[in-house]
Amino acid sequence: MVEDTRRSTGSVRWMSSVEHRAFSDELVAFIRAEVAIGDYPLEADTDLVLTGLVDSLGIVLVVEWIESRLGVMIDPGDIVIEHFDTVASMVAYLRGRGDTPLD
Amino acid sequence: MTEIKTLNELLDTAITVAGAETEAITDGRSRLTWGEYRDLAGRIAAALLHSGVKQGDRVGVHLHKSVHSFASVHGVVRAGAVMVPLDALAPPAATNAVLRDAGASAVVTGASADAISAITAATSVTGVVTPHVDTAPIAGLMTIGADSVAGFEPAAPVAVAPDDLAYLMYTSGSTGKPKGMAHTHRSGITYARLAAETYDIDSSDRLANIAPLHFDQSTFELYAAPLVGASVLVVSDGVLRFPASLAALIADERITVWYSVPYVLDQMVGRGAIEDHDLGSLRWILYGGEPFPPAALARAMRAIPSARVSNVYGPAEVNQCAIYNLDAPPTDDAPIPIGRAWAGSSLRLVDETGGTVAPGEPGELLVSSDTMMRGYWNRPDLDAQAIVEEDGERWYRTGDLIAVRSDGNLVFLGRIDNQVKVRGHRVEIEAVEAALLDIDGIDAAAVLVERPPSGDDHLVAVVSPASAIANGRDTDLIRHLAATLPRYAVPSRVVGLDDLPRTGTGKVDRRSVGDAIGVGDGRGHPEVDR
């Protein structure tokens, strides 16, 4: 249904917003399946560190996944808590860069 | 230096030394003066006393790292109670086991009502203080939330004697049952005084607290800092996961003394974009918990040339007992020595029979010092194994195999048992294997330590039959372990093997299992050049 609506409106702005939401879902699914420790429920706005879901190794995995998924390099100086404490923060940071397919 | 004899007077001492209006502690969000720090601790103490805590009761501190976690530690001690630091990131079952073993009567926490119910279930806990959040009533517990805590008059220190217990430091024992090291005020204050003297710390210093409360390195910032009025930056669990955030904070806060396991420093140096930050305020870098790979240490020392480095050696049972300082980066791959006996510690090396080894021979290290624990909490069986009395002295058996180098420095060769270290945390291999064997469908298990050159040591589980981890069940298995074991004890990956190699006595042969999958057996670094 989402696909149909996208075709009918043809709005570029709207299309990109679908993409970043889909990306967010994909990232949540990746963290749940490959990174998360314990069984704390994970959503886009869940604090990954204070819930204990992701440790330092996990952050490295997340960064690597994002880099290969979006074809971007993330500068070590950008891997800071403000950008990576939640999936929503990551998506906001990646969109804000202006050089990712999430624009 | 002030001659106080108990930890409950430390914050008053700090006010005498540094002044009530001077900055004492920050976590990057809140910032308290010594007067505010003491009053917050005093209010938490008053709340605990109001909840019925009596002198000598055990009280858990279950908070994420913050000014509140530090004030809560001092609040518990100020109330004359015995502080039990808990890992706020641990599974509830593990925390519950510690509270039960300690026979705790109260907990200071910030957890949700559900989490509080889970960690206190079937324990003797009756009081719950939440110093920075309000909490809903919980059946069977007296809960005192932030609003009420703020209304208490700060309590004066409840009188205790130097040989009364001050805190219990828990690790997981080899059977998975927690074991608590019982430290007295005397051992705590002696350690604080010697540490402050050794590193020449005074009220102009700013100490970074990296270690969590349940890790013994934190006793340095908790107790040595107020003794001399040095201020503390409590680095939050969140910032610690992000090397670049950590480097920025250390630079911004003009930290002078750093103490951590090697991994955290190495991560900051390697991934923290430190060329963007001025870390020149650092004058001491202390590390301990495990060996620092020499090349990684050399890189860190070149990156932070303002700091001298001290290799701090000592099991939590004795705090610190050996020291090796470096003024220049190591130039080769020889392991960094643990050095020589630290202030007031006596060390000797013994063979399997307990006799002192011949000069030049390696042996198990025994330690006797005033910073040693009284014993394990309610575990005379463990005391009998770990503590030997000779000539009126009590000696702690470290379980570490040590040799004396030709220059007189001690070097760590490995463990005499199956304890390993993962990022500074002790892990008893048998406890992890026992947890694996508890899982349906697993017939045999071996746990090994993988040591990549990055220094990022982690555990690998090998299970049989191989079908036990087929179809993505390895992930389920890791999740299952994460629900019962502390996170550092959870293997990073699982390998399936249908037949685990066994020794002549029928036990799983970890070394051969390791050979089969290309991983060492984690017994340390036997290739040391003596």
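Residues numbered from 1 in each chain as written. Chains lettered and ligands numbered in written order. Predicted model: local features only at pLDDT ≥ 70, side-chain atom pairs only at ≥ 80, totals over all residues.

Each helix and strand counted, chain A has five helices and zero strands in total. Counting from the amino terminus, helix and strand elements in chain A follow one another as α-α-α-α-α. With 103 residues in all, chain A has 26% of them scored as buried. Taking all contacts inside chain A whose residues are at least 6 apart in sequence as the whole, residues at least 24 apart take part in 47%. (Helix = DSSP H or I, 4+ residues; strand = E, 2+ residues; numbered from the N terminus. Buried ≥ 20, exposed ≤ 12 C-beta atoms within 10 Å, placed from the backbone. Contact = placed C-beta atoms within 7 Å.)

Bringing the interface of chain A and chain B into the picture now. Listed by partner, the interface residues are 17 residues for chain A and 21 residues for chain B. Grouping the amino acids of the side of chain A that touches chain B by side-chain chemistry returns ten nonpolar, four polar and three charged. (Nonpolar A, V, L, I, M, F, W, Y, C, P; charged D, E, K, R; others polar.)

Attention shifts here to the sheet that holds strand β26 (residues 458-464) of chain B. Residues and elements named next belong to chain B. Pairing in this open sheet of three strands is mixed, and the strands run β25-β26-β27 from one edge to the other. This sheet does not close on itself; its edge strands, each paired only once, are β25 (444-450) and β27 (493-496). Each strand axis lies, on average, 25° off the axis of its neighbour in the sheet, ignoring direction. Alignment of β26 against β27, held across four bridges, turns out to be parallel. By the bridge assignment, Val463 is partnered in β27 with Gly496. (Pairing = 2+ DSSP bridges. Axes fitted to C-alpha atoms, helices over the stretch in contact; angles between N-to-C directions.)

Residue and element names in this part refer to chain B. A cis amide bond links Ser464 with the next residue in sequence, Pro465, at an omega value of 0°. Counting through the fold element by element, Pro465 comes out in the loop between β26 and α15 (473-482). In the Ramachandran plot, Asp200 falls in the positive-phi region, its phi being about 50° despite a non-glycine side chain. Of note, Asp200 is situated in the loop between α7 (185-198) and β10 (206-209). The residue Asp391 is not glycine, and still its phi comes out positive at about 50°. The topology assignment puts Asp391 in the loop between β20 (387-390) and β21 (393-404).

Packed helix pairs are characterised by how far apart their axes lie and by the angle those axes make with each other. Residues and elements named next belong to chain B. As a packed pair, helix α4 (residues 92-102) and helix α5 (residues 113-120) sit with axes 7 Å apart at the nearest point and diverge in direction by 50°. Judged on the interaxial angle alone, α5 and α4 are oblique. Within the contact between the two elements, α4 uses Pro92, Thr95, Asn96 and Leu99 and α5 uses Ala115, Ala118, Ile119 and Thr120. When the residues that make up the contact of α4 with α5 are grouped by side-chain class, the tally is five nonpolar, three polar and no charged. (Parallel < 35°, antiparallel > 145°, perpendicular 65-115°, else oblique.)

Our next topic: the domain arrangement of chain B. Taken domain by domain, chain B holds domain 1 (7-172), domain 2 (339-415) and domain 3 (419-517). Measuring from the centre of the C-alpha atoms in domain 2 of chain B to the corresponding centre in domain 3 of chain B gives 30 Å. (Domains from an automatic or database assignment.)

All names here are of chain B. With 202 residues, the main nonpolar core has Leu48, Val59, Met83 and Val84 as its most contacted residues. With ten residues, helix α2 (residues 34-50) is the largest single contributor of residues to this core. If we ignore the near neighbours within four places in the chain, the residues touching Val84 are Arg58, Val59, Gly60, Val61, Val98, Ala102, Ala104, Tyr167 and Leu168. (Core = buried A, V, L, I, M, F, W, Y, C linked by C-beta atoms within 7 Å.)

Looking now at the sheet that holds strand β2 (residues 31-33) of chain B. Residue and element names in this part refer to chain B. Ordered in space as β2-β1-β11-β10-β12-β13-β14-β15-β16, the nine strands form an open sheet in which the pairing is mixed. The open sheet has two free edges, formed respectively by β2 and β16 (340-341), since each of these has just one partner strand. Examined bridge by bridge, strand β1 (residues 23-26) and strand β11 (residues 231-234) share two bridges and lie parallel to one another. Note on β11: the bridge partner recorded for Ile25 is Val232.

On to the packing of helix α11 (residues 262-271) of chain B against helix α12 (residues 294-303) of chain B. Residue and element names in this part refer to chain B. For the pair α11 and α12, interaxial distance at closest approach is 10 Å and the crossing angle is 55°. By the angle class used here, α11 and α12 are oblique. α12 is crossed by α11, and the crossing has left-handed handedness. Along the contact surface, α11 presents Pro262, Leu265, Asp266 and Val269, while α12 presents Ala296, Arg299, Ala300 and Ala303. Classifying every residue of the contact of α11 with α12 by side-chain character gives six nonpolar, no polar and two charged. (Left-handed = near helix turned anticlockwise from the far one by under 90°.)

The next thing to look at is helix α1 (residues 10-18) of chain B. Residue and element names in this part refer to chain B. Within α1 the residues assigned to the buried category are Leu10, Leu11, Ala14 and Ala18. Buried residues of α1 fall within an arc of 95° about the axis and therefore sit on the same side. The secondary structure elements touched by the buried residues of α1 are β1, α2, α3 (67-78) and α8 (218-228). Trailing α1 by a residue or two, Gly19 shows a phi angle of about 100°, which is positive. (Arc of directions from axis to C-beta.)

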